[in-house]
Amino acid sequence: MKKYLNVIVAYSIMLALIILVGIFQSWSIALSIFNYCMISAVMTMGANIQWGYAGLINFGIMGYAALGGLAVVLVSVAPVPEAWEAGGLNMMVCILVIAAMVFSIRYVLKKIQKSKKRNYFVAGIIIVGLILLRMISGPAIENIEAVNPAKTGFLGGLGMPVLFSWIVGGFLAGGLAYVVGKIALGLRADYLAIATLLIAEIVVSVIKHEDWLARGVKNVIGLKRPVPYEVDLQSTPWFINLVEKFNSGKLNLIKSVAEKQEVLKQLVIDASSIYVKLCMAGLFLSVVVALLIITQKALYSPWGRKMRAIRDNEEAASAMGKNIVKEHLLIFILGSAVVGIAGAMMVTNDGLFTPGSYRPMRYTFVIWVMVIVGGTGNNFGAILGGFFVWFLWVQAAPIALFLINLFTSHLPETNALRIHLIESAPYFRFLMIGIGLLVIMRYRPQGILPEKIIKQ
Amino acid sequence: MDFLNALILLLNYTIIPALTYGSQLALGAIFVTLIYGVLRFANFATGDMMSFGTMFAVLLTYYFQSLGIGLGVLPTALLTIPFAIVMMILYMLTIDKFVFSYYRIKKSPPVQLAMVSVGVMFVTQAIIRIIIGPFDRRFLDGEKFILKAMEFKEMTGLNEGLTIKSTQLITIIVTLIVVSIMFWFLNKTKTGTSMRAYSDNEDLALLSGIDPKRVVMLTWIIAGVLATIGGVLYGLDKSYKPFVYFNNMLPIFAAAIVGGIGNPFGAFLGGYVVAFGEIFITYAYKKFFTYILPESLAPDSLMQLLSTDYKFAVSFSILVIVLLFRPSGIFKGKIL
């Protein structure tokens, strides 16, 4: 118990903060913050697996989150038969061409000795493959995008349940991580950071501009949900009865029947939104808890000790016969897959996929601040970091507004400085996050909840 | 005649814009590489530092315009650059004193310094947005064009026009002047040599009596000059928007690494490699081929390797290819 005292204290403070939001702002806002906090926590856990366990710096979180989001579209949206007829076959052939390219390159790399000739072979295969792809996919893409462009204009998905897409998102992100890891993992730490960031940018720009895949910047809206819709709930008898029971005291005070009906209707509308968010929260919480259990078990298993050994002294671990390249690749894939799951969760929560919104600021750097602030190498710390920083990110504007009003209260309402400051209140979130990161880095470099090494 | 037309076409749509964009990237890339070479970390606040210097130039331009001070045909912003540089250097030295110096003295690993620079990035971004706001601003005044397409057509009688914007010429000339002064300083003066020595081997440099504080200060000063000039030139040529500057950090990084990080000359050329790569690969060559090929062979398609949407992606792909085949960059990195 004592071992976890700081965890319990920190988590209670965090929970109290969210409850305060519920009391002072509204429960609906508090629950959406809570849901987003949990999504951030999952992303942070993914980054923490890479950075905290193995010391790999991955600034490409944005790309994996976007792939996770893409998975939701590809899995849950109903297929568009006209688009498949127009160009589905060609796109399938393209996939075969890509597979053929990959296998022939692998074959060449294996069979021919390292030489100039081999390089020319590989380059030749890539160029021929690209030209083939262009020729096959060009007309097909045009046809697909011409199918009802205002509503579809893409191939659509598989029409499967949306929860399944979380797993697929993990696999997609893991697959990308395999490729990226093969390319970039040999680089020095800060090179690796830059390379992963730029590769993530490439991934996002492909998702943004390949309209046949997921409509690109035209966005996909109205995605399926694993929880009931508010509109359906509002007409379900058991739900209305439930709300009536909960608020019976309040309702009994109202005499007139018409007025009572009116109040009840409003209450049901409010309650339905809260109920939906609670359901989401339950789903997310189960993911967070499951991941926490798995990661904790992994961290204190022989495998976790091996990872820490590699992180702390690569040469020594290598001398002990550990395969560092393989382990790094594995942990890179695992961490990225977790980020992919988080990306899918986020898109499911929003109900829409907006490739244009994936920007490095929000999806890479803020997540990294969460990892550093929460505590590298400590899963409880990662979750806390996700909660705390996201809370600050959302609530920074109101806090800043409050502070500005406090400090400029002696100035008249029309003072130019005061108006300017109030207008720029939303940007104080960057200031708070930045200063928070700098302070933590300086005075508590291991984060709020530092790594704990249990001696067995 | 057709050949000349084709040449002018290329010059107008690819070579001149690429030279301009390349110069802007080159200044930023040298800034990244200097910090990397002397202070030994990847500075993620690059884009925002450039934006910070530019912000002062923009504000001062507005102020000078209201006072009626100008340079006639040249943009007023050129007049404000020295003041902006001073503000920028002050800001950088303050940040160094309160943030970076602590980790330098502690000899923290480069990754930690890079994370600290992310913090600096957040703070700088906030300051910029609070002072000037996130909006798009144009601050170019004076003559816009040196050569207009119509004039060129009348002058030469060719079908294709050549447009040279004044900002393009200013960018290229100013870059060349600044970069040559910087290389002269690094290679010919004693202080420059001491900087290179410090970057090459810190301990040996300390043994031979080089003052590290002075070297670090000089680095920030040169970096401030480069960042501000690069930022202002970019802003004059396109427009000033804080978010765009943050995004420019990525191609700048690509340029610095492609050239061989830590090597200023490599970074200088890397800027052009990235810019030319981006523009050549995303340019539609249809018209070009219609000019040089006989009519029967004229292409139907756009003859574009990649759509312009992938402009940024091209520079990153160049970087990935370089990292795969020559991890130390085209020009061997890490000798300043």
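Computed from a prediction, not measured in an experiment: that's the story for all the values here. (Residues numbered from 1 in each chain as written. Chains lettered and ligands numbered in written order. Predicted model: local features only at pLDDT ≥ 70, side-chain atom pairs only at ≥ 80, totals over all residues.)

Notes on the overall build of chain B
Moving on, step 1. The secondary structure content of chain B amounts to 13 helices and two strands.
Moving on, step 2. Counting only C-alpha atoms and orienting by the principal axes, one finds that chain B spans roughly 70 × 55 × 35 Å.
Moving on, step 3. Within chain B, the fraction of its 336 residues that count as buried is 45%.
Moving on, step 4. In chain B, the share of contacts with a sequence separation of at least 24, taken over all contacts with a separation of at least 6, comes to 77%. (Helix = DSSP H or I, 4+ residues; strand = E, 2+ residues; numbered from the N terminus. Buried ≥ 20, exposed ≤ 12 C-beta atoms within 10 Å, placed from the backbone. Contact = placed C-beta atoms within 7 Å.)

A closer look at the overall build of chain A
Moving on, step 1. What chain A contains, in helices and strands, is 19 helices and zero strands.
Moving on, step 2. Here chain A holds 456 residues, and the buried ones make up 40% of them.
Moving on, step 3. Of the contacts formed within chain A by residues at least 6 apart in sequence, a portion of 83% connects residues at least 24 apart.

Concerning the environment of B:Ile81
Residues and elements named next belong to chain B.
Moving on, step 1. Residue position: Ile 81 is located in helix H3 (residues 77–106).
Moving on, step 2. On the basis of neighbour count, Ile 81 is assigned to the buried category, with 23 C-beta atoms found within 10 Å.
Moving on, step 3. Aside from chain neighbours lying at most four places away, what touches Ile 81 is Ala 57, Thr 228, Ile 229 and Val 232.

Considering the confidence of the model for chain B
Residue and element names in this part refer to chain B.
Moving on, step 1. With 99% of its residues at a pLDDT of 70 or more, chain B has an overall mean of 87.
Moving on, step 2. Mean pLDDT in chain B bottoms out at helix H12 (residues 286–292), which sits at 81, and peaks at H3, which reaches 93.
Moving on, step 3. Interface predicted TM-score (ipTM) for the complex: 0.88; the corresponding pTM is 0.90. (pLDDT = per-residue confidence, 0-100.)

Concerning the interface of chain B and chain A
Moving on, step 1. Counting residues at the interface gives 34 residues for chain B and 30 residues for chain A.
Moving on, step 2. Of all the secondary structure elements, the ones that give two or more residues to the side of chain B that touches chain A are H3, helix H4 (110–132), helix H10 (242–259) and helix H13 (311–325) of chain B.
Moving on, step 3. It is H4(B) that provides the largest number of residues to the side of chain B that touches chain A, a total of 13 residues.
Moving on, step 4. Counted by class, the side of chain B that touches chain A contains 27 nonpolar, five polar and two charged residues. (Nonpolar A, V, L, I, M, F, W, Y, C, P; charged D, E, K, R; others polar.)

Description of helix H4 (residues 81–111) of chain A
All names here are of chain A.
Moving on, step 1. Given a rise of 1.5 Å per residue, 31 residues ought to cover 45 Å, and the 43 Å separating the end C-alpha atoms of H4 matches this to within 8%.
Moving on, step 2. Of all bends in H4, the biggest is about 60 degrees, found at Gly 87.
Moving on, step 3. Along H4, the residues that are buried comprise Ala 83, Ala 86, Gly 87 and Gly 88.
Moving on, step 4. Contacts from the buried residues of H4 go to helix H5 (116–146). (Expected span 1.5 Å × (residues − 1). Bend = angle between axes of the 7 residues up to and from the residue.)

Focus on the domain arrangement of chain A
All names here are of chain A.
Moving on, step 1. What the domain assignment lists for chain A is domain 1 (2–79 + 156–443) and domain 2 (80–155).
Moving on, step 2. Placing the centre of domain 1 and that of domain 2 at their C-alpha centroids yields a distance of 34 Å.
Moving on, step 3. At the interface, seven residues of domain 1 touch 11 residues of domain 2.
Moving on, step 4. A breakdown of the residues in the side of domain 1 that touches domain 2 according to their chemical character gives four nonpolar, one polar and two charged. (Domains from an automatic or database assignment.)

Describing the environment of A:Gly343
All names here are of chain A.
Moving on, step 1. On the secondary structure map, Gly 343 appears in helix H15 (residues 324–350).
Moving on, step 2. Through-space distance from the C-alpha of Gly 343 to that of Val 102 is 27 Å; in sequence the pair is 241 residues apart.
Moving on, step 3. Every residue in contact with Gly 343, bar those within four places of it in the chain, is listed here: Tyr 64, Ala 65, Ala 66, Leu 67, Gly 68, Gly 69 and Gly 169.

Section: the confidence of the model for chain A
Moving on, step 1. Per-residue pLDDT for chain A has a mean of 87; in total, 99% of the residues score no lower than 70.
Moving on, step 2. Averaged over each element, pLDDT in chain A is lowest for helix H11 (residues 248–252) of chain A (78) and highest for H15(A) (93).

Here we look at the nonpolar core
Moving on, step 1. Core analysis: the biggest nonpolar cluster contains 219 residues, and A:Val42, A:Ala65 and B:Ala254 have the highest contact counts within it.
Moving on, step 2. Considering every element that reaches this core, the biggest residue donor is helix H2 (residues 27–54) of chain A, with 17 residues.
Moving on, step 3. When residues of this core are sorted by domain, at least three fall in each of domain 1 (2–79 + 156–443) and domain 2 (80–155) of chain A.
Moving on, step 4. Each residue touching B:Ala254, except ones within four places of it in the same chain, is listed here: A:Leu198, B:Val274, B:Ser315, B:Phe316, B:Ile318 and B:Leu319. (Core = buried A, V, L, I, M, F, W, Y, C linked by C-beta atoms within 7 Å.)

Let's talk about unusual backbone geometry
Residue and element names in this part refer to chain A.
Moving on, step 1. Even without being glycine, Arg 215 reaches a positive phi, approximately 65 degrees.
Moving on, step 2. Look at Asn 219: it is not a glycine, yet its phi comes out positive at around 65 degrees.
Moving on, step 3. With 14 C-beta atoms packed within 10 Å, Asn 219 lands in the partly exposed category.

Some points on the packing of helix H2 (residues 46–67) of chain B against H3(B)
All names here are of chain B.
Moving on, step 1. In the contact formed by H2 and H3, the axes pass within 8 Å of each other and the chain directions differ by 135 degrees. Taken as axis vectors, H2 and H3 run oblique relative to one another. Seen from above, H2 lies across H3 with right-handed handedness. For the pair H2 and H3, contact is made by Phe 52, Gly 53, Phe 56, Ala 57, Leu 60, Thr 61 and Phe 64 and by Ala 77, Leu 79, Thr 80, Ile 81, Phe 83, Ala 84, Ile 85, Met 87, Met 88 and Tyr 91, respectively.
Moving on, step 2. A per-class count over the contact of H2 with H3 returns 14 nonpolar, three polar and no charged. (Axes fitted to C-alpha atoms, helices over the stretch in contact; angles between N-to-C directions. Parallel < 35°, antiparallel > 145°, perpendicular 65-115°, else oblique. Left-handed = near helix turned anticlockwise from the far one by under 90°.)

Side note on the packing of helix H6 (residues 162–184) of chain A against H15(A)
Residues and elements named next belong to chain A.
Moving on, step 1. Taken N-terminus to C-terminus, the directions of H6 and H15 make an angle of 145 degrees; their axes are 7 Å apart at the nearest point. For the crossing formed where H6 meets H15, the hand is right-handed.
Moving on, step 2. Classifying every residue of the contact of H6 with H15 gives 16 nonpolar, nine polar and no charged.

Structural notes on the environment of B:Ile221
Moving on, step 1. Locating B:Ile221 in the fold gives a position in helix H9 (residues 212–237).
Moving on, step 2. Separated by 131 residues in sequence, B:Ile221 and B:Leu90 have C-alpha atoms that sit 8.8 Å apart.

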